[in-house]
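Chains, contacts and geometry: an overview
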Amino acid sequence: MFDPFLDQLHSDLMEKGATALEIPSGLERSESQNGKSTIQSWLWQLPGFRRWRVTRMDAGDSLQVLNSVAYPDLNNDQPLMGVDLLWFGARKKLVAVLDFQPLTQKPDYLDRHLVELKNLHQQFPELSGEETMRSFDPNQYFSPYLLFCRGGAEQAQQSLPQAFNAFLDSYWQLTARSQAEQSEISPAEVQELQCAYNKYSAERDPAHGLFTSHFGNEWSDRFLHEFLFPTSTQ
């Protein structure tokens, strides 16, 4: 279901000069005991980004997942990029979250960094519903213009592919614009805010239970704290 999105994302990263970073041993890939589920991850560094992680989970018709978070360099206060796509094949149910995840909710920060996402929010009203995500406070580390959908096959096959490509293009546009401007938040504070995002997310990540059910508690705990949100225990 999500392989074309994964290919597009990796193609963009290679074009931007990405190089692979080492993933903690044993977390690069895992397979469930019954052999029905696999998970694979990639970790990249590229100009303008200190860390860009990607995870693809394949549980056949039961579940498909694509997740990615990008962490800009500390001298750039732009939002993180967050992608979370889940497809429950047996139920034909899609859950999609695409967002520029802000480091702060201050109005001037949002005005400065969310121009492109606001345009997308208006362009894809079917992915701009008012329903909020149940595990998170939408007013903390999520933008007011996130693209969010609980839909079905129509959204998965029509709206989402268009929105995903436009979303990536818009984030690259934001990156170019941010790099050309002076960051208004110091590198030390950006680091603190990115670490705070990791801690907040690790405490609330609904995927941990999902991963535990497929790959066991020990592996999933390591995956959560050593790969997904590696500063969350600090």
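A brief report on the enclosed structure follows. Residue positions are given per chain, counting from 1 as you read along its sequence in written order. Confidence filtering applies because this is a predicted model: local features only for residues at pLDDT of at least 70, side-chain atom pairs given and counted only at 80 or more, and all residues used for totals across whole chains, interfaces and linings. To obtain the side-chain values, all non-hydrogen atoms of the structure were used and water was disregarded.

Observations concerning empty space enclosed by the protein
Empty space among the atoms becomes apparent when a probe as large as a water molecule is rolled across them. Our working definition: Think of a 1 Å grid over the protein atoms and nothing else: a 1.4 Å probe that fits but is trapped marks a cavity, an open set flanked by protein within 12 Å on at least five of seven lines marks a pocket, and residues with an atom within 4 Å of a point count as lining. Grid points are joined across faces, edges and corners, and a volume is the space filled by probe spheres set on the points. Each residue gets one of three labels, nonpolar for Ala, Val, Leu, Ile, Met, Phe, Trp, Tyr, Cys and Pro, charged for Asp, Glu, Lys and Arg, and polar for the others, Gly among them.
Applying the stated criterion across every chain yields a total of 1 cavity of 30 Å³ or more. What the largest cavity holds in volume is close to 30 Å³. Along the walls of the largest cavity sit Asn76, Asp77, Arg112, His113, Ser178, Glu181, Gln182 and Ser183, which together make up its complete lining. Looking at the lining of the largest cavity residue by residue, the class counts come to no nonpolar, 5 polar and 3 charged.

Considerations on the nonpolar core
To keep it simple, the criterion reads: Only buried residues count toward a nonpolar core, which is a set of Ala, Val, Leu, Ile, Met, Phe, Trp, Tyr and Cys residues joined through side-chain atoms within 4.5 Å. Using a 1.4 Å probe on the protein chains alone, a residue whose accessible area is under 20% of its type maximum counts as buried, one over 50% counts as exposed, and one in between counts as partly exposed. By definition, any uninterrupted DSSP run of H or I lasting at least four residues is a helix, any uninterrupted run of E lasting at least two residues is a strand, and each is numbered from the N terminus. By the convention used here, residues are in contact when the closest approach between their heavy atoms is within 4.5 Å.
Within the largest apolar cluster, 75 residues are counted, with the highest numbers of intra-cluster contacts made by Leu13, Trp52, Met57, Leu85 and Phe167. When residues of this core are assigned to their parent elements, the largest contribution, 10 residues, is made by helix H4 (residues 153-179). Apart from the residues lying within four places of it in its own chain, the contact partners of Trp52 are Leu9, Leu13, Trp42, Leu43, Trp44, Leu46, Ser68, Val69, Ala70, Met81, Tyr171 and Trp172.

A word on the packing of helix H1 (residues 3-15) against H4
Rules: Axis definition: a line fitted to C-alpha atoms, limited for helices to the stretch in contact. Angles are taken between N-to-C directions and run from 0 to 180 degrees. Comment on the angle field: the value is read as roughly parallel under 35 degrees, roughly antiparallel over 145, roughly perpendicular from 65 to 115, and oblique elsewhere. Should the near helix be turned anticlockwise from the far one by less than a right angle, the crossing is left-handed, and should it be turned clockwise, the crossing is right-handed.
Remark: H1 packs on H4, axes separated minimally by 11 Å, with the N-to-C direction vectors making an angle of 15°. What the angle tells us is that H1 and H4 run roughly parallel. Relative to H4, the crossing made by H1 is right-handed. Contacts between H1 and H4 involve Phe5, Gln8, Leu9, Asp12 and Leu13 from the former and Leu160, Pro161, Phe164, Asn165, Leu168 and Trp172 from the latter. Across the contact of H1 with H4, the residue classes tally to 8 nonpolar, 2 polar and 1 charged.

Regarding the packing of helix H3 (residues 115-123) against H4
Their axes nearest at 8 Å, the elements H3 and H4 cross at an angle of 160°. Between H3 and H4, the interaxial angle falls into the category roughly antiparallel. Where H3 crosses over H4, the two elements pack in a sense that is right-handed. In this structure, H3 uses Val115, Glu116, Leu117 and Leu120 to contact H4, whose residues at the interface are Ala166, Phe167, Ser170, Gln173, Leu174 and Arg177. Its residues assigned to classes, the contact of H3 with H4 shows 6 nonpolar, 2 polar and 2 charged.

A look at the side chain of Asn67
To keep things clear, this is the line we draw: For the purposes of these results, a polar contact is taken to be a pair of N or O atoms within 3.5 Å, where, inside protein, one atom must be able to donate a hydrogen and its partner to accept one; residues adjacent in sequence count only when each atom of the pair is a side-chain atom.
With respect to the secondary-structure elements, Asn67 resides in strand S5 (residues 64-72). In this structure Asn67 comes out as buried when scored by relative accessible area, which is 16%. At a separation of 2.6 Å, a polar atom in the side chain of Asn67 contacts the side chain of Arg53. Looking at Asn67, its side chain comes within polar contact range of the main-chain oxygen of Val83, at 3.2 Å. Look past the residues within four positions of Asn67 in its chain and what remains in contact with it is Arg53, Val54, Thr55, Val83, Asp84 and Leu228.

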